[in-house]
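Fold and contact review
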Amino acid sequence: MKNLNLFKIAIFSLLAFTTSCREELTDTSSDKTNIIDQAAVKNGRLYFPNKESLSATYKNLKKENLESVQNFIDEKGIESLVPVITQKNENKVISELKSRKIEYLEKKSSSAMKTVSVSDEDIYDDIDDLEEIVGDEVYSTMLNGKAEIQVADKIYKYTDVGLFVTTEENYSRLENYLEVRKISSNLLVPTETSTRDSFISDKANDELITLPNTDNKISYFRSSVPRRSGGTGGFTGGGSTSGNNGGFRPPTVPQEPSIASIVEKLPIGEVKKPWLGNIFGKTWTTYDKYESRRRVKVKFYSQNLYLVYAIGCKVKHQYKGWTGLWRKENADQLGIGVNSVKWTFNHSMNMSAPAGVPKQAYWFGSNMYTTSDGISFTFSKNQNIPSLPFASKLDGLIQFTVDFTGLTEEKLDKLFWETAWKQVNNFIEGQNKKLNRVLFVVDSYSASYVRYYDFSQIENNQDVIERVFDFGIASPQVTYTFGGGTGNGLDVTSYKWNFSKPDAVAVSMYGIAKKNGAWHGVKLNAN
């Protein structure tokens, strides 16, 4: 069963989430000229008359807690792909998923007399894998049991091979297409590895393409994902060695000394990178199990699901109930720290620094410090921060330009901690100010490096904390203007960055939870 689990539910790391303490790192606006209609139900799946309607409902649900999201779905009368698991509905969830799996297996059975059975233990594994791979509980809850959603006359069906799109009129043709090619239409049952690899091998990625031999009736989409050769793609990453700092350097900002010492001693978790779980982007997960029935889960995800894009970090506290399912449970205290999420965007070789852009620039709100030599700084008020969808959610933005190329992780670490961060502390000294969220941007001759830091955040009586770079329906492409634009009196030099398709991405983060008087947690380091 575990081997099969590595091939299922591939596409779900569906993104951006909703919890009582979730915080979105974005400022997006919808087109006010579009008429937003409420979600309806059509043939057992959620129906939206347009993408604006889907976006509006999705964003509203993300502001609610998960129980409210499930209530919304229950009121619509559909069976969710991944129901929200609570103490009250554990048995119902097991029954629903078992029936869904048995029905599909019986339909595919070559022998009419063959009896298909699915144990509760299989469903425990299925749910646990869903929880590990699915990033966005809201969006996965909005999908029906067949992993489908409808916008206007188009049905979007997610499989472990990719996303298929067709009109409502041609849905039966899509069903036949999948059956003939032996592609599983049920995410609880994986497609055979050879079938999946053969289908994907010659398909373009990152764009919706029309499939051949379908009379232009069926389209297909998958994200570009680096493929590993051989194996089924289980676990990679560091071991569980306690006491290893794992690249973390506690920031010199006001915080509980006990938290810093707790983080310093956390083990580096074994990182799960499901091969097919990354067909629409990246999903990296690790966890710390304790007291036999509790765990702290830490996750990073970066997903392009065509209808939605999202990038985020998440920490959950869970309890294993009497049915065997992991469900959410409030911790006395729950914490997240991101150090850091890293993106690299290559660009054409440019041997000269952007014209008019200072070597170093620091923004704190509309206040800006700049320097051309790293020694003497000029202070300015009412200055524009470089344009980013989540800029208003940052406590600070630091921008460097350097006269060389080939910056290693070690050099970037040193540049931030020993130069930029020390200077930040000089600026804020005596101001009783704490910077929790900081973006560090470095431009070299051949690449731009973007690093996001979110220092230790503690919440009381919570089961989840998320930090979401949520681009919603909009494309996660931004044009970054070095220097902040003409509002600073600087020449405009800009690059286009696509956060769903960086040239490299890495994450270093942790999650901690206090329960029954003791702290538990784990670090996630992956690239």
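The coordinates are above.
Residues numbered from 1 in each chain as written. Predicted model: local features only at pLDDT ≥ 70, side-chain atom pairs only at ≥ 80, totals over all residues. Heavy atoms only, no water.

When you go through the chain residue by residue, the secondary structure sums to 10 helices and 26 strands. Counting only residues that meet the buried cut, the chain has 57% of its 527 residues in that class. Long-range pairs, those at least 24 residues apart, make up 70% of the contacts in the chain with a sequence separation of at least 6. Carbon and sulfur atoms make up 45% of the accessible area of the chain, which totals about 21,700 Å². (Helix = DSSP H or I, 4+ residues; strand = E, 2+ residues; numbered from the N terminus. Buried < 20%, exposed > 50% of the residue type's maximum accessible area, 1.4 Å probe, protein only. Contact = heavy atoms within 4.5 Å. Areas by Shrake-Rupley, 256 points an atom, 1.4 Å probe, with all protein chains shown as cover.)

A word on the sheet that holds strand β8 (residues 218-221). With mixed pairing, seven strands are arranged side by side in an open sheet as β2-β3-β4-β5-β6-β8-β7. The strands lining the two open edges of the sheet, one partner per strand, are β2 (40-42) and β7 (209-210). Pairing geometry for strand β5 (residues 154-158) and strand β6 (residues 163-167), over five bridges, is antiparallel. Counted as the bridge partner of Tyr156 is Val165 from β6. (Pairing = 2+ DSSP bridges.)

The subject of this paragraph is the pairing of strand β19 (residues 396-401). Put simply, side chains in a regular strand alternate between the two faces of the sheet. Here β19 lies mainly inside the structure; six of its six residues are buried. A two-sided burial pattern is seen for β19, the buried positions comprising Gly396, Ile398 and Phe400 on one face and Leu397, Gln399 and Thr401 on the other. Of the strand pairs in this sheet, strand β16 (residues 360-364) and β19 are connected by four bridges, and their pairing is antiparallel. Paired with Ala361 across the bridge in β19 is Gln399. The pairing of β19 with strand β20 (residues 437-443) spans six bridges and is parallel. The residue bridging Ile398 from the neighbouring strand is Phe440, located in β20. As a crossover connection, the stretch from β19 through helix α10 (residues 409-428) into β20 is right-handed. (Right-handed = clockwise from strand over helix to strand, strands pointing away.)

Across the five residues that make up β6, a large majority, four, are buried. Hairpin connection between β5 and β6: a loop of four residues separates the two successive antiparallel strands, and Gly162 in this loop has a positive phi of roughly 155 degrees. Alignment of β6 against β8, held across four bridges, turns out to be antiparallel. Following the sheet pairing, Phe164 is matched in β8 by Tyr220.

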